[in-house]
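Survey of secondary and tertiary structure
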Amino acid sequence: MNKNPLLWLIAVLITMGTAYYQRATGPTYPIDGRVNFAGQEITYELQRSQSSNSPLRIELRVHDERIAGKVRWKRYPTNDPQTEITMLNENGLLRADIPPQPPAGKIQYQVELTSDESSLLLPGSEPAILRFKDDVPLWALVPHVLFMFLAMLFSTRTGLECFHKNPRYKNLTHLTVGFLILGGFIFGPIVQRYAFGDFWTGFPVGFDLTDNKTLLALIGWLVALMMLKKSPHSHTWIIVAAVVMLVVFLIPHSLVGSELDYSKVN
């Protein structure tokens, strides 16, 4: 029985699952939900990533002109006093704008709804943290995302090759390393430069977790490739590299990412 189609299907499903998990659990994913307030259900979505070229617009449909709203925000992490913005209520649509910040600048913000003597904080007692970034051109962003997806796909498929009686790792390993270099070390720094002004903020110049985990994945696969050249039956090194890559992809994207030091901003 030819196991290749099944192994590719499993690899695709694992890759898609980890990509979705990484995106959905990351610190730039919007905070959304539904709450009951003033006798109605209110749906909200609070952004956690925004272009530095435009203000952050916050809108809530409350269906009631008697409901008032305020936005409290400040630069993060700083000891700045909070700025309070009264939201406009236009036919039951609450709206307010927070001014843009420089690339990698962060703010924390909350929305307070009030009606009669009751009030409600969104998203809760803990404020939302949002990071600003410059716009990234599609010619850089699309290849970065595509090559990183392919790197994860071929990494997983290479690891699954161990289920063959006579596994053939060579071509799969080379493709994994190639896509990882293209996505993480060629187009990745280009995207980083456009978004935050730096090509690389991981080891040894910084602590960016996205850069560091990509570097760790590459080291794992380079070691596996080196050991494979010494012995075509280096199953253990291949499996370890594939597991490291999987763990790396399960770490939420942009966690401990680029962050502007406001103390150095005039």
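To be clear, the structure that these remarks concern was listed above.
Attention here is on the structure that accompanies the text. Values in this document were obtained by computation on a predicted structure and should not be read as measured data.

**Regarding the packing of aromatic side chains**
The tally for this structure, following the rule as stated, stands at six aromatic pairs. Taking 6.0 Å as the distance between ring centres and 85° as the angle between the ring planes, the aromatic pair formed by tryptophan 139 and tyrosine 194 counts as edge-to-face. Taken together, the residues span a long stretch of sequence, with tryptophan 139 in helix α2 (residues 138–160) and tyrosine 194 in helix α3 (residues 170–196) at a distance of 55 residues. You can call tyrosine 194 partly exposed: its relative accessible area is 36%. Where phenylalanine 147 meets phenylalanine 179, the ring centres are 6.0 Å apart and the plane angle is 20°; that geometry is what we call stacked. Here phenylalanine 147, found in helix α2, pairs with phenylalanine 179, found in helix α3; they are 32 residues apart in sequence, far enough to count as distant. Residues phenylalanine 147 and phenylalanine 179 agree in their burial class; the two are buried. Taken together, the ring pairs in this structure connect Trp8, Phe147, Phe154, Phe179 and Phe187 into an aromatic cluster.

**Structural notes on the packing of α2 against α3**
Where α2 meets α3, the axes come as close as 8 Å, and the angle between the chain directions of the two elements is 150°. Overall, the two elements α2 and α3 adopt an arrangement that is roughly antiparallel. For the element pair α2 and α3, the recorded crossing hand is left-handed. Counted by class, the contact of α2 with α3 contains 18 nonpolar, eight polar and one charged residues.

**Description of unusual backbone geometry**
Here the bond from leucine 122 into proline 123 is cis, since omega is 5°, no more than 30 degrees from zero. When you line up the elements, proline 123 lands in the loop between β10 (118–122) and β11 (128–133). In this structure, proline 204 follows phenylalanine 203 across a cis peptide bond, with omega equal to 5°. For proline 204, the location among the structural elements is in the loop between α3 and α4 (209–230). Of note, alanine 38 is a non-glycine position whose phi angle comes to about 55°, a positive value. With respect to the helices and strands, alanine 38 occurs in the loop between β1 (31–37) and β2 (40–46). The class for alanine 38 is partly exposed, based on a relative accessible area of 39%.

Basis of the calculations
Residues numbered from 1 in each chain as written. Predicted model: local features only at pLDDT ≥ 70, side-chain atom pairs only at ≥ 80, totals over all residues. Heavy atoms only, no water. Phe/Tyr/Trp six-rings, centres within 6.5 Å; stacked < 30°, edge-to-face > 60°. Helix = DSSP H or I, 4+ residues; strand = E, 2+ residues; numbered from the N terminus. Buried < 20%, exposed > 50% of the residue type's maximum accessible area, 1.4 Å probe, protein only. Axes fitted to C-alpha atoms, helices over the stretch in contact; angles between N-to-C directions. Parallel < 35°, antiparallel > 145°, perpendicular 65-115°, else oblique. Left-handed = near helix turned anticlockwise from the far one by under 90°. Nonpolar A, V, L, I, M, F, W, Y, C, P; charged D, E, K, R; others polar.

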